[in-house]
Amino acid sequence: MSIPAFDEGSPETVIGSQIGSTKLQVSPSDVLVSKIVPHIQRVWVVPPGGDRRQIASSEWIVLRADVAVPDYLRYALLDTRFHARFMATVDGLSGSLQRARPQAVRQIEIKLPTICRQRAIADYLDRETAQIDAFIAKNEELITLLTERRAAEIELALAPRELPATWDSVQIRRLGPKSESGVSVNGFSVPAEGDEIGVLKTGAVSKGFFDPAENKRVVAEDLGRVTAPVRGGSLIVNRANTPELVGSAALVVESRPTLYLSDKLWQLTFESANAAYMHYWTKTDAYRSQLRGLSVGASLSMQNLSYGDFLSVRISVPPRREQAELVARLNEVTGEIDRAIDAARRGSDLARERRAALIAAAVTGKIDVGVKS
């Protein structure tokens, strides 16, 4: 059982000799807790494996207890109070480098009712959370369909099969780009607040929209090294990330004088192109397909795009006036879709909050499940 397999929703079955990373043997009814990226709650009960030996990534913590019903224990480990204590066992800097300490996790106390009541609570939560999970799944499916529709609208508007007579197919360098980039600086793990100076992380643009909260507060000794403040009306492009995110871009609407670029970001304006038009163009398949052949790196987890190669990317460009008209039309269409996506996401978030509250109430005895002892 790998962590990615859990995220896909089911265990992965492979031949043992094909597995190169460290693994451990597990048994049916073992309860697994992920120790990596600990802020994401991952708890799994090992299912029956028939006559096959089952193994799991060593990034799981394996829990076995004769006094606990596995399905009840899974819910108890998903309780927000347990998760708060679980996070207190974490070592590491941030993100994927963080890991919970197994020995410390095993010292966390969990109150267990009788076996009979544990089974009743687990059965109750299985029924109730199944309904919530079905609602979330439908919302996620809707979000996927809306996202695909959004991409199709942009593709249809900006990358037609036959270019209109007034359009040109040119390399980005022909649009008169002016660029600036920042420097690599040390920073705190928390974002800047108020008048504090922050440097943007790549996450500020990798979502496809500008997220100023994705920054790190700069340590005092590096304050004199920051350059290139964030300017309104510019396009910020990510030059170094995973293959899927290299070249991702975001439009900056208003200047942010306390936020600065890192060395992994370019800030661009164009003499012959509308920055908002260029932002939409970075979402097309034609743009992404060209980048796949240009980014390079020693590992797939970190690819780099040179500025010269970025300038060689060919795009379809109408006259300035038509660019503005296309942007206005796309803003209207995608704005409607984005509002629908936001509504679906809020619905999913509320459902997840309801799920967490239900689990917490059940495992603390605040819900009558029909068993008194």
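Refer to the structure presented above.
Quick caveat, the model's predicted, so the values are computed rather than measured. (Residues numbered from 1 in each chain as written. Predicted model: local features only at pLDDT ≥ 70, side-chain atom pairs only at ≥ 80, totals over all residues. Heavy atoms only, no water.)

## Side note on the sheet that holds strand 9 (residues 177-181)
Here is the rule we go by: For two strands to be treated as a pair, DSSP must find at least two bridges joining them. Secondary structure elements follow DSSP: runs of H or I of four or more residues count as helices, runs of E of two or more count as strands, with numbering from the N terminus. Fitting a line to C-alpha atoms yields each axis, with helices limited to the stretch in contact; the angle taken between N-to-C directions then spans 0 to 180 degrees.
Taken together, four strands build an open sheet; the order of strands is 9-17-13-15 and the sheet is antiparallel. Single-partner strands in this sheet number two, and they are strand 9 and strand 15 (249-252). Strand after strand, the sheet turns through a mean of 25 degrees between neighbouring axes, direction not considered. Sheet topology note: the strand 13 (residues 234-238)/strand 15 ladder contains four bridges and is antiparallel. Its bridge partner being in strand 15, Ile236 is matched across the sheet by Ala250.

## What to know about the pairing of strand 5 (residues 60-63)
For the record, the criterion: Any residue under 20% of the maximum accessible area for its type is buried, any over 50% is exposed, and the rest in between are partly exposed; the area is computed with a 1.4 Å probe on protein chains only.
Covered by surrounding structure in strand 5 are Trp60 and Val62 together with Ile61 and Leu63, the residues of both alternating faces. Bridge analysis of strand 2 (residues 31-34) against strand 5 gives four bridges, and the strand direction is antiparallel. Counterpart to Ser34 in the pairing with strand 5 is Trp60.

## Quick notes on the pattern of salt bridges
Heads up, the rule is: For salt bridges, the criterion is a side-chain nitrogen of Lys or Arg within 4 Å of an Asp or Glu carboxyl oxygen.
What the rule picks out here adds up to 18 salt bridges. Its salt-bridge partner being Asp222, residue Arg225 comes within 3.6 Å of it at the nearest N-O pair. Look at Asp222 and you get buried, because its relative accessible area is 7%. Across the pair Arg352 and Asp349 runs a salt bridge, and its minimum N-O distance is 3.6 Å.

## Focus: helix 10 (residues 320-363)
Inclusion rule: By this rule, a helix spans an expected 1.5 Å times one less than how many residues it contains.
The end-to-end C-alpha distance of helix 10, which contains 44 residues, comes to 62 Å, matching closely the 64 Å that a straight helix rising 1.5 Å per residue would cover. In the segment just after helix 10, Gly365 is the residue with positive phi, at about 80 degrees.

## A few points about the nonpolar core
Side chains of nonpolar character tend, in soluble globular proteins, to be buried together. The condition that has to hold: Within this scheme, the nonpolar core is defined by two criteria: the residues are buried Ala, Val, Leu, Ile, Met, Phe, Trp, Tyr or Cys, and they are joined through side-chain atoms within 4.5 Å. Residues count as neighbours in contact if any of their non-hydrogen atoms are within 4.5 Å of one another.
Within the largest apolar cluster, 36 residues are counted, with the highest numbers of intra-cluster contacts made by Val31, Tyr72, Leu77, Leu125 and Ile367. Of all the secondary structure elements, the ones that give two or more residues to this core are strand 2, strand 3 (43-45), strand 5, helix 2 (70-78), helix 3 (80-87), helix 5 (115-158) and helix 10. Considering every element that reaches this core, the biggest residue donor is helix 5, with seven residues. Look past the residues within four positions of Ile367 in its chain and what remains in contact with it is Arg117, Tyr124, Leu358, Ala361 and Ala362.

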